[in-house]
Amino acid sequence: MKVILKIRRFNPERDRAPWWGYYQVECEPTDRVLDALNWVKWYQDGSLAYRRSCAHGICGSDAMRINGRNRLACKTLIKELGNRITIEPLLGLPVIKDLVVDLEPFMKHYRSIMPYLVNDDPPPATERLQSIAQRERFDDTTKCILCAACTTSCPAFWARPDYIGPAAIVQAHRFIFDSRDHGAEERLRILDAPSGVWRCRDIYNCTEACPREIQVTQAIAEVKREILRRRG
Ligand code: SF4
Ligand code: FES
């Protein structure tokens, strides 16, 4: 099938404003959007810039706005979209070039929640054991690949980029509810700040955008409830 890709282009070294590039590509319905982008880059316009690495939905590199919705290009089939496909960079982050955005503001929020195990107890001779139930408590949020699709689909983040955003809260959830971790109090203090969880208005864009099907809004609600529970 013939597919027209309409791609938002911008090269800050050359363009005064973003513009739309149109590219006709011959695709199989079962090709992914990443295949079509590769075709454009390899055979039509080598200057097109986008991130990709694993091509299998694992690394989180190729989140972009496809037909108005954040998705991974490597997990989105052409047949789900039809023969006219609009591709834009993620919203809410500065564009470096074409579909490549500057992820540093996103990563800064991620780093702020201490995304690592906090436990100063002397290490045991073997593993720090958990029951099945304890492990299941935070299983959903361990699936995050930091693709940024959730945070950059959130109107609260578009309006106020200092909002820590859904991805950082998901990552905090993964440690707050881990029975081996001792850093929950500090993380919850960070998330209880004006730029923290209370900026979430339960819009659910994040849950719809997540390519890992993480229940993002639910995780945010659980963190909110934990803050209130500890306030007493
Ligand atoms: Fe991506 Fe989902 Fe993680 Fe958000 S929660 S960064 S959408 S994997
Ligand atoms: Fe790794 Fe798509 S290229 S998730």
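Everything that follows concerns the structure shown earlier in this document.
**What about empty space enclosed by the protein?**
Enumeration according to the criterion identifies two cavities of 30 Å³ or more in this entry. The volume enclosed by the largest cavity comes to roughly 90 Å³. Along the wall of the largest cavity there are 15 residues; nearest its centre are C144, C147, C150, C210 and I214. Here the residues of the lining of the largest cavity are counted per class, giving 14 nonpolar, no polar and one charged. Its boundaries defined by the atoms lining it, the second largest cavity holds a volume of some 80 Å³. Those elements that provide at least two residues to the lining of the second largest cavity are α7 (205-209) and α8 (216-231). Split into classes, the residues belonging to the lining of the second largest cavity amount to nine nonpolar, two polar and two charged.

**Some remarks on the packing of aromatic side chains**
Summed over all chains, the structure comprises one aromatic pair. Residues W39 and Y43 carry aromatic rings whose centres are separated by 4.3 Å and whose planes lie at 45° to one another, so their mutual orientation is tilted. Remark: Y43 and W39 occur in helix α1 (residues 33-44); sequence separation between them is four residues, near one turn of the helix. Looking at W39, the relative accessible area reads 39%, which means it is partly exposed. The class of Y43 is exposed, set by a relative accessible area of 55%. Here the guanidinium or amino end of R174 rests over the ring plane of F175, the centre of that ring lying 4.1 Å away.

**Section: the layout of surface pockets**
Approximately 210 Å³ is the volume found for the largest pocket. Every residue lining the largest pocket is listed: R69, N70, R71, L72, K75, T76, E80, E208, A209, C210, P211 and E213. Taken together, the elements giving at least two residues each to the lining of the largest pocket come down to β4 (69-72) and α7. Here the lining of the largest pocket takes four residues from β4, the largest share from any one element. Taken together, the residues of the lining of the largest pocket sort by class into four nonpolar, two polar and six charged.

Conventions we followed
Residues numbered from 1 in each chain as written. Chains lettered and ligands numbered in written order. Predicted model: local features only at pLDDT ≥ 70, side-chain atom pairs only at ≥ 80, totals over all residues. Heavy atoms only, no water. 1 Å grid on protein atoms, 1.4 Å probe; cavity = no way out; pocket = protein on both sides within 12 Å on 5 of 7 lines; lining within 4 Å. Points joined across faces, edges and corners; volume = space filled by probe spheres on them. Nonpolar A, V, L, I, M, F, W, Y, C, P; charged D, E, K, R; others polar. Helix = DSSP H or I, 4+ residues; strand = E, 2+ residues; numbered from the N terminus. Phe/Tyr/Trp six-rings, centres within 6.5 Å; stacked < 30°, edge-to-face > 60°. Buried < 20%, exposed > 50% of the residue type's maximum accessible area, 1.4 Å probe, protein only. Lys NZ or Arg CZ within 6 Å of the ring centre and 35° of its normal.

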